[in-house]
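# Observations on the model geometry
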Amino acid sequence: MANVAVGPGEESLGVSNGKLGMWTFLVMDAMTFAGFLAAYARLRWKDALIDGTAWPNPYHTFGVVGIQLTALNTFILVCSSVTMVHALAEVMRGNMKRAENWLLATVIGGLIFLGIQGFEWTHLISDVWPYLGDPTQTVPYSKNFASTFFALTGFHGGHVSVGVIYNFTLFLGIRSGKLTKDHGDFVEIAGLYWHFVDLIWILVFTFVYLI
Amino acid sequence: MAHKEAKWVFHDLLHLQYWVIWAVLLVFTFIEVVIPEPSLVGLDTFPRTFVIIALIMIALVKTVLVAGYYMHLIGDKPAMIMVAATPFIFSIFLTIGIFPY
């Protein structure tokens, strides 16, 4: 299904320049995440016998409830991805009111994700890794665990925040009537970004929380 | 007119496909949570190697599903698929390169 949406703009390589531009950005962004994940794997690859460098079992550190909460967050992000594809489908149908509702649902999904992540960060900083606020405290494992956790989830959370603003802008555009069914390309490009955020979370969730 | 109706039918099928992929992603997410802690469903612990390989394989399948069906890469132009696959090739070389083998 090539070029699912028809929109304004010139074309290169058989796709709109806007879509090609977003893909180029996403490739660059994926390489940044690849660097983060590879660095995480390398830092984790330590001799457990060297005192203070052992890597904890994430499942035990976060706790079963913590993992299940993050799994719920993953569920919410997947749901917001499906609401995003429905928004695009409705724009293509010309049913802008329904597209507006789907986009609003996507924005709400993103906000819930960020809210749960904020709650999780607060809990981890104050209860699980107290040395972050009090240098006299310590943990019996590598502090790189917390560092890489915050770097990866924080970088991803930043992307979610940008995605929420991006989708909310489109929502306002549809609501005001400035975006019509002829602007399907705009929603498709925003969708690419949002699905990419979902895709990256699948990898972050697996590597940081589960393995 | 017939072409227009065919397009609507195609969109309806697309809607169904989105929900099917959504359900598959949810099932995989549930399996992912259970694999490292099988006691949640009353099973014994799996070997560590199996856990790591299974989790990575599931994550890759989920990634392909999102990229293929939600980002519409399936059926997109081969050039676009190659562009999208570039970071994965890069990440394999990067990971091999920085490991102390």
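Everything quoted here is computed from the prediction, not taken from an experiment. (Residues numbered from 1 in each chain as written. Chains lettered and ligands numbered in written order. Predicted model: local features only at pLDDT ≥ 70, side-chain atom pairs only at ≥ 80, totals over all residues.)

### Description of the overall build of chain A
Regarding its fold elements, chain A presents 5 helices and 2 strands. Starting at the N terminus, the α and β elements of chain A follow one another as β-β-α-α-α-α-α. Burial statistics for chain A: of 211 residues in total, 39% are counted as buried. Across chain A, every contact between residues at least 6 apart in sequence was considered, and the portion connecting residues at least 24 apart equals 76%. (Helix = DSSP H or I, 4+ residues; strand = E, 2+ residues; numbered from the N terminus. Buried ≥ 20, exposed ≤ 12 C-beta atoms within 10 Å, placed from the backbone. Contact = placed C-beta atoms within 7 Å.)

### Topic: the overall build of chain B
Within chain B, the secondary structure is distributed over 3 helices and 0 strands. Order of helices (α) and strands (β) in chain B, N terminus to C terminus: α-α-α. Counting over 101 residues, chain B shows a buried share of 22%.

### Things to note about the interface of chain B and chain A
Listed by partner, the interface residues are 38 residues for chain B and 40 residues for chain A. For the side of chain B that touches chain A, the elements supplying multiple residues, two or more each, are α1 (2-34), α2 (48-70) and α3 (78-98) of chain B. Here the element with the most residues in the side of chain B that touches chain A is α3(B); it accounts for 11 residues. Residues that form the side of chain B that touches chain A fall into these classes: 24 nonpolar, 9 polar and 5 charged. (Nonpolar A, V, L, I, M, F, W, Y, C, P; charged D, E, K, R; others polar.)

### Notes on helix α5 (residues 184-210) of chain A
Owing to its 3.6 residues per turn, the α-helix aligns residues three or four sequence positions apart on the same side. Here α5(A) contains 27 residues, and its C-alpha end-to-end distance of 37 Å stays within 8% of the 39 Å for a straight helix at 1.5 Å per residue. Among the 27 residues that make up α5(A), 26 are buried, leaving the element largely enclosed by the rest of the structure. (Expected span 1.5 Å × (residues − 1).)

### Here's the deal with the packing of helix α1 (residues 17-44) of chain A against helix α4 (residues 144-176) of chain A
The relative placement of two packed helices comes down to the angle between their axes together with the axis-to-axis distance. Residues and elements named next belong to chain A. Close contact between α1 and α4 brings their axes to 11 Å; oriented N to C, the two are set at 165°. One way to sum up the angle between α1 and α4 is to call them roughly antiparallel. Considering the relative orientation of α1 and α4, their crossing is left-handed. Contacts between α1 and α4 involve F36, Y40 and L43 on the former and, on the latter, N144, T148, A151, L152 and F155. (Axes fitted to C-alpha atoms, helices over the stretch in contact; angles between N-to-C directions. Parallel < 35°, antiparallel > 145°, perpendicular 65-115°, else oblique. Left-handed = near helix turned anticlockwise from the far one by under 90°.)

### Considering the environment of L43(A)
Residues and elements named next belong to chain A. With respect to the secondary-structure elements, L43 resides in helix α1. Residues L43 and V107 lie 64 residues apart in sequence; the distance between their C-alpha atoms is 35 Å. Residues within four places of L43 in sequence aside, it is in contact with N144 and T148.

### As for the nonpolar core
Most often, soluble globular proteins keep nonpolar side chains buried together rather than apart. Counting residues in hydrophobic clusters, the biggest one holds 69 residues, and the most contacted among them are A87(A), L103(A), L170(A), I200(A) and V204(A). Elements with a minimum of two residues in this core: α1, α2 (58-93), α3 (96-128), α4 and α5 of chain A together with α1, α2 and α3 of chain B. If one sorts the elements of this core by residue count, α5(A) sits on top with 19 residues. (Core = buried A, V, L, I, M, F, W, Y, C linked by C-beta atoms within 7 Å.)

### Considerations on the confidence of the model for chain A
Looking at chain A as a whole, its pLDDT mean stands at 88, while 91% of the residues score no less than 70. Here strand β1 (residues 11-12) of chain A stands out as the least confident element of chain A, with mean pLDDT 70; α4(A) is the most confident, with 96. (pLDDT = per-residue confidence, 0-100.)

### Notes on the confidence of the model for chain B
Residue and element names in this part refer to chain B. In this model, chain B carries a mean pLDDT of 85, and residues with pLDDT of at least 70 account for 85%. Per-element confidence in chain B ranges from a low mean pLDDT of 78 for α1 to a high of 94 for α2. What the predictor reports for the complex is a pTM of 0.89 with an ipTM of 0.86.

### Some remarks on α4(A)
Compared with an ideal rise of 1.5 Å per residue, which puts 33 residues at 48 Å, α4(A) spans 47 Å between its outermost C-alpha atoms and is within 8% of the ideal. With its phi angle positive at about 90°, G177(A) sits one or two positions after the end of α4(A).

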